Amino acid sequence: MPSGDVPPQSLSAGAAGIALLHIERAATGLDTWPTAHTWLAAATSGALTTGRQATLFLGAPAVAFAIGAASGPQRYTRALQALDDTVTAITRQRLQRAHTRIDRRQHPALDEFDLISGLTGLGAYLLRRHPHGSLVREVLAYLVRLTQPVNDLPGWWTYEAPSGHRDSGRPGGHANHGIAHGISGPLALLSLATRAHITVDGQSQAIHRICTWLDTWRQGHHAGPWWPETLTLDDLRRHRPAQSTPARPSWCYGTPGIARAQQLAGHASGDTARRSMAEHALAGCLADPHQVARLTDHSLCHGTAGVVQTAWRISADAATPELRPRVRAFADRLASAGPDDGAGFLRGSTGRALALLTAATDQPPASGWDTCLLLD
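The present account deals with the structure reproduced in this document. Computed from a predicted structure; not experimentally measured.

Conventions used here
Residues numbered from 1 in each chain as written. Predicted model: local features only at pLDDT ≥ 70, side-chain atom pairs only at ≥ 80, totals over all residues. Heavy atoms only, no water. Helix = DSSP H or I, 4+ residues; strand = E, 2+ residues; numbered from the N terminus. Buried < 20%, exposed > 50% of the residue type's maximum accessible area, 1.4 Å probe, protein only. Core = buried A, V, L, I, M, F, W, Y, C linked by side-chain atoms within 4.5 Å. Contact = heavy atoms within 4.5 Å. Phe/Tyr/Trp six-rings, centres within 6.5 Å; stacked < 30°, edge-to-face > 60°. 1 Å grid on protein atoms, 1.4 Å probe; cavity = no way out; pocket = protein on both sides within 12 Å on 5 of 7 lines; lining within 4 Å. Points joined across faces, edges and corners; volume = space filled by probe spheres on them. Nonpolar A, V, L, I, M, F, W, Y, C, P; charged D, E, K, R; others polar.

Focus: unusual backbone geometry
Okay, so step 1: Backbone geometry at Tyr76 places phi at a positive 65 degrees, although glycine is not the residue there.
Okay, so step 2: Tracing the chain through its elements places Tyr76 in the loop between helix H3 (60-70) and helix H4 (77-103).
Okay, so step 3: One non-glycine residue with positive phi stands out, namely Leu374, at about 60 degrees.
Okay, so step 4: Along the chain, Leu374 falls in the segment after helix H16 (349-361).
Okay, so step 5: Taking relative accessible area as the criterion, Leu374 reaches 1% and is therefore assigned buried.

Dropping the structure here:
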């Protein structure tokens, strides 16, 4: 049950995220709705953040996502209407600032466009809640503009460090490839929208631009293709990344998340070769003991739970069944792992339990909880 030390309106670490587990359990008949309601009540126990800090993972949009996952004909209709109005206002303000920045030919901050803190995350919410509304198309149109070059660099190039702070150590900035904070997040959203027949002018070209960039920087390895987590100006000048080997195979920055975004792009564009490449990349990293050894926790964000959920989604859409045994093996590894670091969604036992539930049922989440990870 909720306690005073749980941050209420955080999808990442708080009651809003923990509610997702109980919502999924209720939706699949494993629990009753009162438990989920208790956690949602905790998530709405205080004034919701609606200012510049409000994101898919914090504040009113985070609570709206959690309540939306629980919504039904008799559940939370009025609350969601009010929250939708708030999310709409937040998104329009963000879009206005973003377009002003683009008009000035400046590069973005990460939290302008990324999944965790930016417009890609708000777009993920809108695509799930209001797929045929005008606002989701406005977000897609912004992402199309984001992919257009600025001053001979990609439009998503940022002068911040991956941490989100000004990058004094690398004054030339960087390009981020991860699905959580980098360009694979917009690629996944653009591709999911295309697959749902929701498009704006230039959308297919934007998908192509991102894929071409990722193809340029795709690296070869005995286990299969991989991508550097970030690139600097020095990397561009050398035409090779400073990162010489694959890093941790995580959802947030690693091959699994990037591969899922490219598999979705392959589905959206009818590019079977790209789908096959993405599936091969995942299979290779999961079979490589050196990469697997880099997994040191059980979390959704950068641990084994994220690998399980991402690999399940990729395998469910894959052309061949070869990934299925690897998903089962990682689920077994996750189930037998030691204690979690807290109860949160992104980095604690909630995310772990949700991923294990997907693996155990071998069915897509009934509540659609992993849409906030842009996995579907």
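Following the structure, the description resumes.
With respect to the nonpolar core
Okay, so step 1: Membership of the largest hydrophobic core comes to 116 residues, with the highest contact counts inside it found for Leu20, Phe57, Tyr142, Trp251, Phe345 and Leu373.
Okay, so step 2: A per-element tally of this core places H3 first, with nine residues.
Okay, so step 3: When near neighbours in sequence (up to four residues on either side) are disregarded, Phe57 contacts Gln9, Ser10, Leu11, Ser12, Ala62, Leu115, Ile116, Phe345, Leu346, Cys372 and Leu373.

Focus: the packing of aromatic side chains
Okay, so step 1: All chains considered together, the criterion is met by three aromatic pairs.
Okay, so step 2: Seen from their ring centres, Trp156 and Trp213 are 5.9 Å apart, and the 90 degrees between their planes marks the pair as edge-to-face. A residue pair is termed long-range when its members are at least 10 positions apart, and Trp156 in the loop between helix H7 (134-146) and strand E1 (174-176) and Trp213 in helix H9 (residues 203-216) qualify at 57 residues. Here Trp156 and Trp213 have matching classes, each one buried.
Okay, so step 3: Aromatic side chains Trp213 and Trp217 sit 6.1 Å apart centroid to centroid with 45 degrees between the ring planes, which places their arrangement in the tilted category. Trp217 matches Trp213 in its accessibility class, with the two residues each being buried.
Okay, so step 4: Taken together, the ring pairs in this structure connect Trp156, Trp213 and Trp217 into an aromatic cluster.

Observations concerning the side chain of Ser367
Okay, so step 1: Structurally, Ser367 is set in the segment after H16.
Okay, so step 2: Classification of Ser367 by relative accessible area gives buried; the value is 1%.
Okay, so step 3: When neighbours within four sequence positions are excluded, Ser367 is seen to be in contact with Ile23, Glu24, Ala69 and Arg128.

Regarding the layout of surface pockets
Okay, so step 1: The calculated volume of the largest pocket comes to roughly 410 Å³.
Okay, so step 2: Forming the walls of the largest pocket are 16 residues, and the residues nearest its centre are Arg52, Arg94, Arg97, Asp111 and Glu112.
Okay, so step 3: Breaking the lining of the largest pocket down by element, the ones donating at least two residues are H4 and helix H5 (110-113).
Okay, so step 4: Ranked by the residues each element gives to the lining of the largest pocket, the list is headed by H4, at five residues.
Okay, so step 5: Among the residues forming the lining of the largest pocket, the class breakdown is four nonpolar, five polar and seven charged.

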